[in-house]
Amino acid sequence: MDVRAAIAAVPDPEVPVLTIEDLGILRDVVVDEPARTVTVFVTPTYSGCPAMDAIRQHIEHVARRLGFAARVQTRLSPAWSTDWMSAAGRDKLREFGIAPPGQRSEVASQPVGLSLMARRVTCPLCGSDDTQEISRFGSTACKALRRCNECREPFDEFKTI
Amino acid sequence: MIGAAGKLETAEATAAYCLQLGDDALIYGQRLGEWISRAPQIEEDMALANIGLDLVGQARLLLTRAGELDGTGRSEDDLAYFRDERHFHNVHLVEQERSDFGFEMARMLWFAAYQCELYAALVTSSDETLAGVAAKAVKEVDYHRDHASQWVLRLGDGTSESHRRMQEALERVAPYVRELFEDDAVSVAASDGGAGILPSSLWDNASGHVSRVVVQATLTLPADATWRSRGGREGIHSRPIGYLLAEMQHIARSHPGATW
């Protein structure tokens, strides 16, 4: 297997249906074939995301198995946005029971802060638009918790940033 | 280090500036972590922990940058765990003891309003790392500010008891607010060099946001307090920071050099 493809297929440890490529955090892979080294540039989702260390280790492990020494570098700029998530990634999230993020432009056009949020988020389980926010902060930094008023099931929403 | 002209050298000024911002984020992140299992509901345990985690993440990047620039080669861990109270440069607001939930939301509203303006301005910092940290963090703190705003609205415009306690919280936080917006030698030098922004220039927008939330929450923004905290930027702190540092640093100091 090509080292570039192997690295792109590294899963997110918290949302294992997504690869780091789906998530949009894999910014660049520079392979030096003669030297058997590979430099990988990743952008963290959130500054304090604890999954970054696990992702770094996984990348190094995958590269090592193919005979490459990997150097993983953090690239802060430009800052990661959920708009970088691939369409395939969004579909996978929905199938996994997590509502995918909206487009950032939609969020930006709404007044922030002074009204209790009333955004339209579709339930990934039954498809109803009648859902409400339970908590803006979910099980990981990148998710919020919602409930569907139609099928009554709680579900995670990938926050739009 | 003071240069020949008596001014802070650019790299030193940027390092000291990163340390101030990093210390604010680190100490408040540590305080917020104390809420885990103490918040009024489990969702709020998670929210406050997540906000604290964002802040610790910002602190890691800022302290790392400070250590790169100040010539000492200190790592983020050296700076977080092996400095004493006098060498921390955070404002007093973030080190105050955890109190009731209303106090926390009043403190968070002010701090996040300040950080939103701060990071928005630093996106164009001449220090590339600082600009990158700011571009990332500005989205995070926008979320924190919104979270605090919503709680202040809910509590202020809630029951008579929640209204009374939210008002009281605003008044207890008030003496610590101005220190965030005071220019000192470090921020002036960092701003002159293009890496930083004058804290005083952030006041209008930050206080404007807080004031809009407070009014909509049927509360009253306290008049300027009769006393103000000061000294944090120079390492002169209030009593609670000693206890906070003892808890935050004791494992690292008991087992120096230990790794996972």
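Figured I'd write up the structure that's included with this text. Since the structure is predicted, the reported quantities are computational estimates derived from the model, not experimental observations.

## Observations regarding the packing of aromatic side chains
Right, on to step 1. In this structure the tally under the stated criterion is 11 aromatic pairs over all chains.
Right, on to step 2. The interplanar angle of 70° and the centroid separation of 6.3 Å between the aromatic rings of Trp110 of chain B and Phe181 of chain B together place this pair among those described as edge-to-face. Taken together, the residues Trp110 of chain B in helix α5 (residues 101-122) and Phe181 of chain B in the loop between α7 (160-173) and α8 (185-192) connect sequence positions 71 residues apart.
Right, on to step 3. Residue class for Phe181 of chain B comes out buried when judged on its relative accessible area of 6%.
Right, on to step 4. Judged by centre distance (5.6 Å) and plane angle (90°), the ring pair of Tyr114 of chain B and Phe181 of chain B falls under edge-to-face. Placement of the pair is Tyr114 of chain B in helix α5 and Phe181 of chain B in the loop between α7 and α8, with a sequence separation of 67 residues.
Right, on to step 5. The buried category is assigned to Tyr114 of chain B, whose relative accessible area is 3%.
Right, on to step 6. Through successive ring pairs, a cluster of aromatic residues spans Tyr28, Trp110, Phe111, Tyr114, Phe181 and Trp203 of chain B.
Right, on to step 7. The lysine or arginine in question, Arg136 of chain A, covers the ring of Tyr143 of chain B, its NZ or CZ lying 4.2 Å from the ring centre.
Right, on to step 8. The ring of Trp35 of chain B carries the charged tip of Arg98 of chain B above its face, separated from the ring centre by 5.2 Å.

## Describing the layout of surface pockets
Using a probe with the size of a water molecule, rolled over the atoms, empty space left in the structure can be pinpointed.
Residues and elements named next belong to chain B.
Right, on to step 1. Estimated volume of the largest pocket: approximately 1,700 Å³.
Right, on to step 2. Lining of the largest pocket is provided by 43 residues; of these, Val56, Arg60, Glu76, Asp77 and Tyr81 occupy positions nearest its centre.
Right, on to step 3. Of the residues forming the lining of the largest pocket, the biggest block, 12 residues, is contributed by helix α2 (residues 42-69).
Right, on to step 4. Looking at the lining of the largest pocket, its residues break down into 22 nonpolar, 13 polar and 8 charged.

## Observations regarding unusual backbone geometry
Right, on to step 1. The step from Ser77 of chain A to Pro78 of chain A runs through a cis peptide bond, and the omega angle for that step is 0°.
Right, on to step 2. Tracing the backbone shows Pro78 of chain A in the loop between β3 (69-74) and α4 (87-95).
Right, on to step 3. Its identity as a non-glycine residue notwithstanding, Arg36 of chain A has a phi of 55°, on the positive side.
Right, on to step 4. Its identity is not glycine, yet Thr218 of chain B carries a phi of approximately 60°, on the positive side.
Right, on to step 5. Summarising the element assignment, Thr218 of chain B is placed in the loop between α9 (203-216) and α10 (240-254).
Right, on to step 6. Here Thr218 of chain B falls in the partly exposed class, since its relative accessible area comes to 43%.

## What to know about the interface of chain A and chain B
Right, on to step 1. With 28 residues of chain A at the interface, the matching set in chain B holds 28 residues.
Right, on to step 2. Carbon and sulfur atoms make up 61% of the area that chain A and chain B hide from each other, which totals about 2,600 Å².
Right, on to step 3. The shortest N-O distance in the salt bridge between Asp146 of chain B and Arg136 of chain A comes to 2.4 Å.
Right, on to step 4. The interface formed by chain A and chain B holds 8 residue pairs in polar contact (both at pLDDT 80 or more) in total.
Right, on to step 5. Looking at the side of chain A that touches chain B residue by residue, the classes come out as 14 nonpolar, 11 polar and 3 charged.

## Considering the sheet that holds β3 of chain A
Residues and elements named next belong to chain A.
Right, on to step 1. Strand order in the open sheet formed by 3 strands is β1-β2-β3, and the pairing between neighbours is mixed. Edge positions in the sheet fall to β1 (26-32) and β3, since each has one partner strand and no second. Each strand axis lies, on average, 15° off the axis of its neighbour in the sheet, ignoring direction.
Right, on to step 2. Two elements, strand β2 (residues 37-42) and β3, share 6 bridges in a ladder whose sense is parallel. Within β3, the position partnered with Thr39 by the bridge is Arg71.
Right, on to step 3. Contacting β2 and β3, helix α3 (residues 51-65) crosses the sheet at an angle of about 155° to β3.

## Regarding the side chain of Glu157 of chain A
Residue and element names in this part refer to chain A.
Right, on to step 1. With respect to the helices, strands and loops of the structure, Glu157 is situated in strand β7 (residues 154-158).
Right, on to step 2. By relative accessible area, Glu157 is classed as buried at 3%.
Right, on to step 3. Non-local contacts of Glu157, meaning those with residues more than four positions away in its chain, are made with Ile98, Ala99, Arg119, Val121, Cys142, Lys143, Ala144 and Arg146.

## A look at α4 of chain A
Residues and elements named next belong to chain A.
Right, on to step 1. Restricting attention to buried positions, one finds in α4 the residues Gly89, Arg90 and Leu93. Take α4 and look down its axis: the buried residues cluster within an arc of 100°, on one side only. With respect to the buried face of α4, the exposed residues turned more than 90 degrees away are Ala87 and Glu95.
Right, on to step 2. One or two steps after α4, the chain reaches Gly97, where phi turns positive at roughly 95°.

Rules used throughout
Residues numbered from 1 in each chain as written. Chains lettered and ligands numbered in written order. Predicted model: local features only at pLDDT ≥ 70, side-chain atom pairs only at ≥ 80, totals over all residues. Heavy atoms only, no water. Phe/Tyr/Trp six-rings, centres within 6.5 Å; stacked < 30°, edge-to-face > 60°. Helix = DSSP H or I, 4+ residues; strand = E, 2+ residues; numbered from the N terminus. Buried < 20%, exposed > 50% of the residue type's maximum accessible area, 1.4 Å probe, protein only. Lys NZ or Arg CZ within 6 Å of the ring centre and 35° of its normal. 1 Å grid on protein atoms, 1.4 Å probe; cavity = no way out; pocket = protein on both sides within 12 Å on 5 of 7 lines; lining within 4 Å. Points joined across faces, edges and corners; volume = space filled by probe spheres on them. Nonpolar A, V, L, I, M, F, W, Y, C, P; charged D, E, K, R; others polar. Contact = heavy atoms within 4.5 Å. Buried area = accessible area lost by both parts, 1.4 Å probe. Salt bridge = Lys/Arg side-chain N within 4 Å of Asp/Glu carboxyl O. Polar contact = N/O pair within 3.5 Å; in protein donor to acceptor, adjacent residues only side chain to side chain. Pairing = 2+ DSSP bridges. Axes fitted to C-alpha atoms, helices over the stretch in contact; angles between N-to-C directions. Arc of directions from axis to C-beta.

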